[in-house]
Amino acid sequence: MVRARVKAGNDAPPARRFSPGDPVRVADREAVGHCRTPWYLRGKAGVVAAIQGRFRNPEMLAYHKPGLPALTLYKVRFRQNQLWDRYAGPACDQLEVDIFEHWLEPPK
Amino acid sequence: MSEPKRKTLKRKGAGGRAVHDVGGLEFGPIDREEHDLALWEKRTDAMLGLLRDNKRRVLSVDSHRRTIEDYGQQEYDRTTYYEKWIRAVRNLLVEQGVLTREEIEARMAEIRARHEKAGRKASKEKIPW
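Residues numbered from 1 in each chain as written. Chains lettered and ligands numbered in written order. Predicted model: local features only at pLDDT ≥ 70, side-chain atom pairs only at ≥ 80, totals over all residues.

### Re the overall build of chain A
Of the regular secondary structure elements, chain A holds two helices and five strands. Secondary structure elements of chain A, listed N to C terminal, follow the sequence β-β-α-β-α-β-β. Taking all 108 residues of chain A together, 25% fall into the buried category. Relative to all contacts within chain A whose residues are 6 or more apart in sequence, the contacts with residues 24 or more apart total 59%. (Helix = DSSP H or I, 4+ residues; strand = E, 2+ residues; numbered from the N terminus. Buried ≥ 20, exposed ≤ 12 C-beta atoms within 10 Å, placed from the backbone. Contact = placed C-beta atoms within 7 Å.)

Structure representation (structure tokens):
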């Protein structure tokens, strides 16, 4: 996913909700309109692997809205065998997906 | 040059999934064959690049994606990659007021007529709005 980073404004960026190493859970809800969080990840548990930066919200950009304030985008790491019922690969297999902050919650 | 096979499959147990969001559903084996690109497909790619550049900003990757995702399931499965792209480009040009639907349809008719007059085969197929 390539997109322009938001230029630094006068205001300090809001505090990030999560940091690398934090366990997180993908929100288990339906999306209205354009959404970049795949269905198969909804409600799944992962770990923040990295902070990708802050980007305008694609859910708003898709409808020609400014998409501000920008949202923190996280690289989240999942275990493949926790995503798929009949996963046949090695237990160490992982999947990394970019997920915006408003789709992440603290683990239950 | 081989054509990718198109098939429509129900999003079984799909719940609130969007039409494009099929990750993890059973769609059979993936067709891994390389497909040559037709000239119109390369032009579609170039057009999208021009329309979203910093000079024009007529559309964004996000609005392009959204327009593709709004396709009905049958049309989504029936159409190829670049058919989805060109339809979305066309529809966004109308949505953004760059061209009108009438202008596009008149131009399409004009081009078809020109091809037929020259004895070239012009496709009658229309990409649904």
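From this point, the narrative continues.
### What to know about the sheet that holds strand β1 (residues 23-26) of chain A
Read from one edge to the other, the open sheet built from five strands follows the order β4-β3-β2-β1-β5 (chain A), with strand pairing classed as antiparallel. Among the strands making up the open sheet, the edge pair consists of β4 (94-100) and β5 (104-105) of chain A. (Pairing = 2+ DSSP bridges.)

### Looking at the interface of chain B and chain A
On the side of chain A, 14 residues touch chain B, which itself brings twelve residues to the contact. Tallied by class, residues from the side of chain B that touches chain A come to one nonpolar, five polar and six charged. (Nonpolar A, V, L, I, M, F, W, Y, C, P; charged D, E, K, R; others polar.)

### Brief notes about the packing of helix α2 (residues 61-69) of chain B against helix α4 (residues 81-95) of chain B
Residues and elements named next belong to chain B. Where α2 contacts α4, the axes come no closer than 9 Å and their chain directions differ by 110 degrees. When the axes of α2 and α4 are compared, the pair comes out roughly perpendicular. Considering the relative orientation of α2 and α4, their crossing is right-handed. Note on element contacts: α4 touches α2 through Lys84, Ala88, Asn91 and Leu92, opposite Ser63, His64, Thr67 and Ile68. Residue composition of the contact of α2 with α4, grouped by class: three nonpolar, four polar and one charged. (Axes fitted to C-alpha atoms, helices over the stretch in contact; angles between N-to-C directions. Parallel < 35°, antiparallel > 145°, perpendicular 65-115°, else oblique. Left-handed = near helix turned anticlockwise from the far one by under 90°.)

### A few points about the nonpolar core
Residue and element names in this part refer to chain A. Ranked by internal contacts, the top residues of the largest apolar core, which has 16 residues, are Tyr74, Val76, Ile99 and Leu104. No other element matches strand β3 (residues 71-79), which puts five residues into this core. Contacts of Ile99, omitting those with residues within four sequence positions, involve Val26, Thr37, Tyr74, Val76 and Leu104. (Core = buried A, V, L, I, M, F, W, Y, C linked by C-beta atoms within 7 Å.)

### Quick look at the pairing of strand β2 (residues 45-55) of chain A
Residue and element names in this part refer to chain A. In terms of strand pairing, β1 meets β2 through three bridges, oriented antiparallel. When the bridges of β2 are listed, Arg25 appears paired with Ala45. With seven bridges connecting them, β2 and β3 associate as antiparallel partners. In the strand pairing of β3, Ile51 is matched with Tyr74.

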